[in-house]
Amino acid sequence: LIKLIIYSYNKMIEKKNDEVLLEDQRRNKLLQEIRKNKSKFKFDYTISQFEPFDENTGLTLGRTDITVFLDPMSDLGITIECKRFLKNEICNSHIYSEYIGNGINRFKNHKYPLTYGYCGMLSFVENGDFNKLYSVLSSAFKLENNSSQYMFNYIAKSREQDDFGEYFDIVHIVLNFA
């Protein structure tokens, strides 16, 4: 999955489009590219968005950005949350409010499912200092750098604890569209 994401990102970069996109637009273009390229990786799983709901109330909890369904007979999958950053947003306060508050906390409080004990965070840098964002993320988390494994500079993993005391892994990928 990670190699497919990176490959699809590189295909987007080859098309070089300088327009700054909203998070949903960037995510949808990436999703489109992932779906187009998944056969090259013999990736048979369904990749979509998902709306988890509270089984007690029946209320929708939100919509995931990207979910990879590993079992066609189930709504269980690996969820990836996307966040977009502009130049003035690459700072600790924005990281804590958006990336953590409206991103990672959705996994910690189980708003988004952690079915397989891991999830993903994709950052889209639309403009600004790409290296600074990775540095700020690195200081906010105990990141284990996985760059050499994927031959991609900005990929790392962290271990977090959810609100119920269980540990899970997050793969962090920073994509530069600046």
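Just so it is clear, the model here is predicted, and its values are computed rather than measured. (Residues numbered from 1 in each chain as written. Predicted model: local features only at pLDDT ≥ 70, side-chain atom pairs only at ≥ 80, totals over all residues. Heavy atoms only, no water.)

1. A few points about the nonpolar core
Part 1 of the reasoning: Ranked by size, the top nonpolar core spans 23 residues in total, and within it Ile 95, Tyr 99, Phe 107, Leu 133, Leu 137 and Val 174 carry the most contacts.
Part 2 of the reasoning: Elements with a contribution of two residues or more to this core: α3 (92-108), β4 (118-125), α4 (130-140) and β7 (167-176).
Part 3 of the reasoning: When residues no more than four places from it in sequence are discounted, the contact partners of Leu 133 are Phe 85, Ile 90, Ile 95, Ser 123, Val 125 and Val 174.
Part 4 of the reasoning: Judged by nonpolar contacts, the second largest core, of 22 residues, contains Ile 2, Ile 6, Val 68 and Leu 175. (Core = buried A, V, L, I, M, F, W, Y, C linked by side-chain atoms within 4.5 Å. Buried < 20%, exposed > 50% of the residue type's maximum accessible area, 1.4 Å probe, protein only. Helix = DSSP H or I, 4+ residues; strand = E, 2+ residues; numbered from the N terminus. Contact = heavy atoms within 4.5 Å.)

2. Focus: the pattern of salt bridges
Part 1 of the reasoning: The full count for this structure, using the stated rule, is 11 salt bridges.
Part 2 of the reasoning: For the salt bridge of Asp 24 with Arg 27, the shortest nitrogen-to-oxygen distance reads 3.1 Å. Of this pair, Asp 24 and Arg 27 both sit in helix α2 (residues 23-37), three residues apart, which is roughly one turn of that helix.
Part 3 of the reasoning: You can call Asp 24 partly exposed: its relative accessible area is 37%.
Part 4 of the reasoning: Among the salt bridges present, the one from Arg 27 reaches Asp 65, with a minimum N-O distance of 2.9 Å. On the criterion of sequence distance, the pair formed by Arg 27 in helix α2 and Asp 65 in the loop between β1 (46-48) and β2 (66-69) is long-range, its members being 38 residues apart.
Part 5 of the reasoning: On the basis of relative accessibility, which here comes to 2%, the residue Arg 27 falls in the buried class.
Part 6 of the reasoning: Here Asp 65 falls in the buried class, since its relative accessible area comes to 3%.
Part 7 of the reasoning: Each member of the salt-bridge network shares a partner with another, and the members are Glu 81, Lys 83, Glu 98 and Arg 106. (Salt bridge = Lys/Arg side-chain N within 4 Å of Asp/Glu carboxyl O.)

So, to be careful, I would describe these as geometric facts and stop short of saying anything about function.
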